[in-house]
Amino acid sequence: MFESLSQKLELAFKKLRGQGRITPQNVEESLREVRRALLEADVNYRVAKQFIDSVQVRAVGQEVLSSVTPGQQIIKIIFDEMVQLLGNTRADIATASNPPTVILVAGLQGSGKTTFSAKLALHLKSKGRLPLLVAADVHRPAAIDQLETLGQQIEIPVYADRGAGAVKIAGDAVAFARKNIRDTIIVDTAGRLHVDEEMMREVEAVKAVLAPHEILFVVDSMTGQDAVTTAKAFHDRLNYDGIVLTKLDGDSRGGAALSIRAVVEKPIKFVGIGEKLDALEPFYPDRIASRILGMGDIVTLVEKAHQQIDVEKATRLEEKLRKSQFTFDDFLDQLREIRKMGPLSQIASMIPGLNRLPANAELDERGLVRVEAIIQSMTREERQRPAMINGSRRRRIALGSGTTVKDVSRLLKQFEEMQRMMKRLSKGNVRRTMQQMRFPTN
Amino acid sequence: MGFLDAVAKFRSGLARTRDSLMARVQQLAATHTRIDDETLEQLEEILLGADVGPATTTEILRRLKERARTEGFDSSDRLSELLKDEVARLLHVDGEPAPLPILPTSQRPLVIMVVGVNGVGKTTTIGKLAWQYRQAGKRVVIGAADTFRAAAKEQLDIWAQRAGAEIAGQSQSADPASVAFEALNTGVAHDADVVIVDTAGRLHTKLNLMEELKKIRRVMDKRLPGAPHEVLLVLDATTGQNGLQQVRMFTDAVQVTGLVLTKLDGTAKGGIVIAVSHDLGIPVRFIGVGEAIDDLQPFDRRAFIDALFDQSPSGGSSE
C-alpha cells in the first residue's frame, strides 16, 4: 500500500523543525514528496509538474513560513488548489428546449460506455424523464444484446437495428424517439482508439447526424499517463461537453481525473462506483482530491459500509442485541461483514486518523483470520454460551484453531467486554454503534 | 501468418510506444551530450510518461547513474543502449519466447483460466487465444463462466464461432463455478486439447467476487487435479500504477501464472509491465496489438525490448 502523503510530509517537516528554520528550499523538498504521490496516483507527469509549480508559488509565501504546522498548511494549499483544478461547481447535463434531448456517449474500448449508458438512463428515468437507449455499437460482438438485456433490467426501451450502420441507426433513432414520445435519447457508441482514423470518422458522422445536446466522454479511472492523449484526441474530434469517470469503486487513486481536467476544460459530470445499475454518482471534486493525495476518504468508507452491510442481517442483529442474545455466531457474522468491505489496510487508509498508526498495529489482517479460526473451533453450544468454555475446552479450541490458550482467553475476555457494552446499548441506534465499535483483532 | 508478418505486426502494434519512447530518448541523446542531472531528469520524464511508474523509474535511473560512474563514462552516446540493458534486466529476459502451452496427450486437456478487471478485453483475448490453438490444430472448448455481464455469453459465442471452438456453459445467471466444472466435463468428454475458461470482470477490491474466483479455481482443481494449469490475468495497456495492485490481488487470490497485455495498438506505452515484472516477477505471456482475430501474439521479451528500442530503419521512429 502507498504510504500516505500526509505522513511523509509530516515526517519531512519534523526534520525541518529540528533545524529550526523553514526555507524555500525545504518547501521544495517536501513538494518532491507531493510530486511522487501524484505520479503514483497516475497524474500525468507534465500535469504534476505544472501543478507543483503553481503550488510552490503559493507555498513559499508567508502563510506557510509563519504557520505552526507547516505540513498541514501545505496540504491544505495543495488540496484547495486541486479541488479548484478539478472544478468547483456541479455541472448538469443539458436538456433540449425542444425534445428529445440527445446524448452521445463515446470513449475507448472497455471504459464502460454501455454500463454507463444504462445507468444514466435509469438515473434520468428516476427523475421523471422518458429515456430511450440506442445501440449504435455495431462493431463489438453482442454489444447490442448487452444493451438490450440492460434495457430490460431497468425497463427502458432500446432502439436497435441489426445490420444497419451506426450513422443510420443514430438518425433513425431520433425519428423513433419522436414517434414514441421519448424525451431523451442516449446513444451508446462502439469503443474506439483515438488513433483509429476510420472509427473516429464514424463517430464524427454519428455526431453530425444526431446534433447532440450533450456529448459525454467515458474514461476508466485506472488509466495511466495516456489519459491526457486520449482525452485530448477525443476532444479535438468531438468537442465533448463532459467527462464520466468509471470504476471508481476500485482502489485506483484516480489521478487521470486531474490530468484530463488539466488538458481539457470540461467538467467531470458523473462517476461510476459499482456494477449495479444504480451505482452512478455526481462528481465531488473534494473526494477525488483526497483520494489522489492519499489523504483518506471517510465519506467513501461510510458509503462502502452502507453498501456492503446486509441491512436485513443488521436488523436481525439489532433485535438480538436488544434482547442481549449476542453470541459468537453473530460476532462471526459481523466480522465477515467488515471483511467484505475490503482488506483492512485499505479500509484503514480511508480513515484519516488511522493512517497514522504504525503499520500492523491493531490492523493485522491475520489477527482477524485468527479470531475467525478460534470461533470456528468452538462447538455450537460454546458459541451460544461462552461462559461454559473452561480450561480444557480452551486447550481444545486453541489446538483446533492453531492458536494458543492465551489467544483464546484474550478473545473470550474481549467478547465478554463487548457483551457488557452491548447490554448498555439496549436503546438508541444500535446499528450505528456497531459500526463505530472496535473489534478485537488480537 | 508467416513469421515476418508476425514481426511486422508486432512492430506496427508497438510503433506508437516506440515512436514516443525511443524517438524521445534519441532526441535527448542528440541534444544532451553528457549524462548529467538534466539528462537524467529528462529521461525520468520519458519513463514516467510511459507508465513505468515512479519507483521503477527511480531504480532505473539509479542504476544508470551508477554504471556511468563505475564504468567511467559520461557521454550520452550509450544512453539508449544502457536503457535497453536496464529494462531487459528488469524484464528478466531469458532466451526464447514461450510457445503456446500444451499438455501431453495422456494428461490433456490443458486448462486455462482467464481473469481480470472489467473492460480489459478478457473475452476478446479468449477468442484470439482459441483461434491460435485452432490454427495449431488443437481441439478447443471454451467455458462461458462470465455469468454476470449482460450478453457476455453471446459475445463469447460469436468469438468461439469465428475461432472454430466449442462452447460449454448454460444460460445467464447460472453459477460460474458450475459452468467451469461443466466446461471441464465437456473438455474431457470431447477429448479436447485445451479448455479456456472465461470469468466475469471484477475489480480486485471486491472481496466477495474474489472469493467467487477462488471457488471457481477450487472447483476446477477438484474436477481435474492440477487444473487450471495456467491462470492468465488480462491487463489493459492503458492502465497506470493500479496495474500493480491488480496483479498483486489477483495473484493472491488465484495464483496468476502469466499476463496478457491488451490494447497495445493505442498510444499507451504498457510501461506498467516493466514495473510488474520488476516488482512481482510474473511473466507476460501474450500481447494484443489489434482488433482482428490474429492480433494476439506470444510475448517475446527480447522482441518487446528490441521493438521498444530498435533504431533500424524498419522499426525506426516516425520523425
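Residues numbered from 1 in each chain as written. Chains lettered and ligands numbered in written order. Predicted model: local features only at pLDDT ≥ 70, side-chain atom pairs only at ≥ 80, totals over all residues. Heavy atoms only, no water.

## Brief notes about the overall build of chain A
No. 1: Helix and strand content of chain A: 21 helices and eight strands.
No. 2: Burial status across chain A gives 54% buried among its 442 residues.
No. 3: Restricting the contact set of chain A to residue pairs at least 6 apart, pairs at least 24 apart contribute 75%.
No. 4: Total accessible area computed for chain A in this model is approximately 20200 Å², and 51% of it derives from carbon and sulfur atoms. (Helix = DSSP H or I, 4+ residues; strand = E, 2+ residues; numbered from the N terminus. Buried < 20%, exposed > 50% of the residue type's maximum accessible area, 1.4 Å probe, protein only. Contact = heavy atoms within 4.5 Å. Areas by Shrake-Rupley, 256 points an atom, 1.4 Å probe, with all protein chains shown as cover.)

## Brief notes about the overall build of chain B
No. 1: What chain B contains, in helices and strands, is 11 helices and eight strands.
No. 2: Taking all 319 residues of chain B together, the buried fraction comes to 58%.
No. 3: For chain B, contacts bridging at least 24 residues in sequence account for 76% of all contacts bridging at least 6.
No. 4: When the accessible surface of chain B is totalled, it reaches about 12300 Å², and 49% of it is carbon and sulfur.

## A short note on the confidence of the model for chain B
Residue and element names in this part refer to chain B.
No. 1: Here chain B shows a mean pLDDT of 83. Residues at 70 or above account for 83%.
No. 2: Taken as a whole, residues 310-319 scores under 50 in pLDDT and shows 18 contacts with residues more than four places along the chain or in a different chain.
No. 3: We note a pTM of 0.76 for the whole complex and an ipTM of 0.84 for its interfaces. (pLDDT = per-residue confidence, 0-100.)

## Things to note about the pairing of strand E7 (residues 284-288) of chain B
Residue and element names in this part refer to chain B.
No. 1: Of all five residues in E7, five are buried; the element is thus mostly enclosed.
No. 2: As paired elements, strand E6 (residues 258-262) and E7 share three bridges and run parallel to each other. The residue bridging Leu 261 from the neighbouring strand is Ile 287, located in E7.
No. 3: Considered for its hand, the β-α-β crossover made up of E6, helix H10 (residues 272-280) and E7 is right-handed. (Pairing = 2+ DSSP bridges. Right-handed = clockwise from strand over helix to strand, strands pointing away.)

## Here we look at the interface of chain B and chain A
Quite often, the size of an interface is put as the accessible area lost when its parts meet.
No. 1: Facing 46 residues of chain B, the contacting portion of chain A comprises 41 residues.
No. 2: Between chain B and chain A lies a buried interface of about 3700 Å² when both sides are counted; carbon and sulfur atoms form 56% of it.
No. 3: For the pair chain B and chain A, the interface holds two salt bridges.
No. 4: Across the salt bridge formed by Lys206(B) and Asp249(A), the nearest N and O atoms sit 2.6 Å from each other.
No. 5: Our count for the chain B to chain A interface comes out at 14 residue pairs in polar contact (both at pLDDT 80 or more).
No. 6: In terms of residues, the side of chain B that touches chain A owes the most to one element, helix H6 (residues 152-163) of chain B, which gives five residues.
No. 7: For the side of chain B that touches chain A, the per-class residue count stands at 14 nonpolar, 19 polar and 13 charged. (Buried area = accessible area lost by both parts, 1.4 Å probe. Salt bridge = Lys/Arg side-chain N within 4 Å of Asp/Glu carboxyl O. Polar contact = N/O pair within 3.5 Å; in protein donor to acceptor, adjacent residues only side chain to side chain. Nonpolar A, V, L, I, M, F, W, Y, C, P; charged D, E, K, R; others polar.)

## Observations concerning the confidence of the model for chain A
Residues and elements named next belong to chain A.
No. 1: Residues with a pLDDT of 70 or more make up 73% of chain A, whose mean pLDDT is 80.
No. 2: When the criterion is pLDDT under 50, residues 352-362 qualifies, and its contacts beyond four places in sequence or with other chains add up to 15 contacts.
No. 3: Segment residues 427-442: pLDDT under 50, and 38 contacts once partners within four positions in sequence are set aside and those in other chains are kept.

## Here's the deal with the nonpolar core
No. 1: In terms of nonpolar packing, the biggest core is built from 94 residues, with Leu43(B), Ile112(B), Ile196(B) and Leu259(B) touching the most fellow members.
No. 2: Here this core takes six residues from strand E1 (residues 110-115) of chain B, the largest share from any one element.
No. 3: Residues within four places of Leu259(B) in sequence aside, it is in contact with Leu233(B), Leu235(B), Val247(B), Val276(B), Ile282(B), Pro283(B), Val284(B), Arg285(B) and Phe286(B).
No. 4: Grouped together as the second largest cluster of nonpolar side chains are 70 residues, Ala59(A), Leu86(A), Tyr240(A) and Ile268(A) included. (Core = buried A, V, L, I, M, F, W, Y, C linked by side-chain atoms within 4.5 Å.)

## Examining the pattern of salt bridges
For side chains bearing opposite charge, pairing can occur when the charged atoms are close.
No. 1: Considering all chains together, one arrives at 38 salt bridges over all chains under this definition.
No. 2: The network of salt bridges with shared partners includes Glu59(B), Arg62(B), Arg63(B), Glu66(B), Arg67(B), Glu71(B), Asp85(B), Glu86(B) and Arg89(B).

## With respect to the packing of helix H6 (residues 113-126) of chain A against helix H7 (residues 143-154) of chain A
Residues and elements named next belong to chain A.
No. 1: Viewed as axis vectors pointing N to C, H6 and H7 meet at an angle of 25°, and their least axial separation amounts to 10 Å. Taken together, the axis directions place H6 and H7 in an arrangement best described as roughly parallel. Crossing geometry of H6 relative to H7 is assigned as right-handed. Contacts between H6 and H7 involve Thr 114, Thr 115, Ala 118, Ala 121, Leu 122 and Lys 125 from the former and Gln 146, Leu 147, Leu 150 and Ile 154 from the latter.
No. 2: The residue inventory of the contact of H6 with H7, partitioned by class, reads six nonpolar, three polar and one charged. (Axes fitted to C-alpha atoms, helices over the stretch in contact; angles between N-to-C directions. Parallel < 35°, antiparallel > 145°, perpendicular 65-115°, else oblique. Left-handed = near helix turned anticlockwise from the far one by under 90°.)

## Observations regarding the sheet that holds strand E2 (residues 140-145) of chain B
All names here are of chain B.
No. 1: In space, the eight strands of this open sheet follow the order E3-E2-E4-E1-E5-E6-E7-E8, with mixed pairing throughout. Among the strands making up the open sheet, the edge pair consists of strand E3 (166-168) and strand E8 (296-298). Ignoring which end each strand starts from, the neighbouring axes of this sheet average 25° apart.
No. 2: This element, helix H5 (residues 122-135), spans E1, E2, strand E4 (194-199), strand E5 (230-236), E6, E7 and E8 of the sheet and lies at about 175° to E4.

## Observations concerning the environment of Ala59(A)
Residues and elements named next belong to chain A.
No. 1: Here Ala 59 is to be found in helix H3 (residues 45-59).
No. 2: A relative accessible area of 0% means that Ala 59 is categorised as buried.
No. 3: Taking the C-alpha atoms as reference points, Ala 59 and Ile 77, 18 residues apart in sequence, are found 7.1 Å from one another.

## Regarding helix H10 (residues 227-238) of chain A
All names here are of chain A.
No. 1: Its 12 residues give H10 an end-to-end C-alpha distance of 16 Å, which sits within 8% of 16 Å, the value for a rise of 1.5 Å per residue.
No. 2: Along H10, the residues classified as buried are Ala 227, Val 228, Thr 230, Ala 231, Ala 233, Phe 234, His 235 and Leu 238.
No. 3: On the buried face of H10, the contacting elements are H3, strand E1 (101-107), helix H9 (197-210), strand E5 (214-220) and helix H11 (255-263).
No. 4: One or two positions beyond H10, positive phi appears at Asn 239, with a value near 45°. (Expected span 1.5 Å × (residues − 1).)

## A look at the sheet that holds strand E6 (residues 242-246) of chain A
Residue and element names in this part refer to chain A.
No. 1: The mixed open sheet is built from eight strands, whose spatial order is E3-E2-E4-E1-E5-E6-E7-E8. Because the sheet does not close on itself, it has two edges, and the strands there are strand E3 (158-159) and strand E8 (280-282).
No. 2: The pairing of strand E2 (residues 131-136) with strand E4 (residues 184-189) spans six bridges and is classified as parallel. By the bridge assignment, Leu 132 is partnered in E4 with Ile 185.
No. 3: H9 contacts E1, E4 and E5 of the sheet and is inclined by roughly 175° relative to E1.
No. 4: The sheet contacts of H10 involve E1 and E5, and relative to E5 the element is tilted by about 165°.

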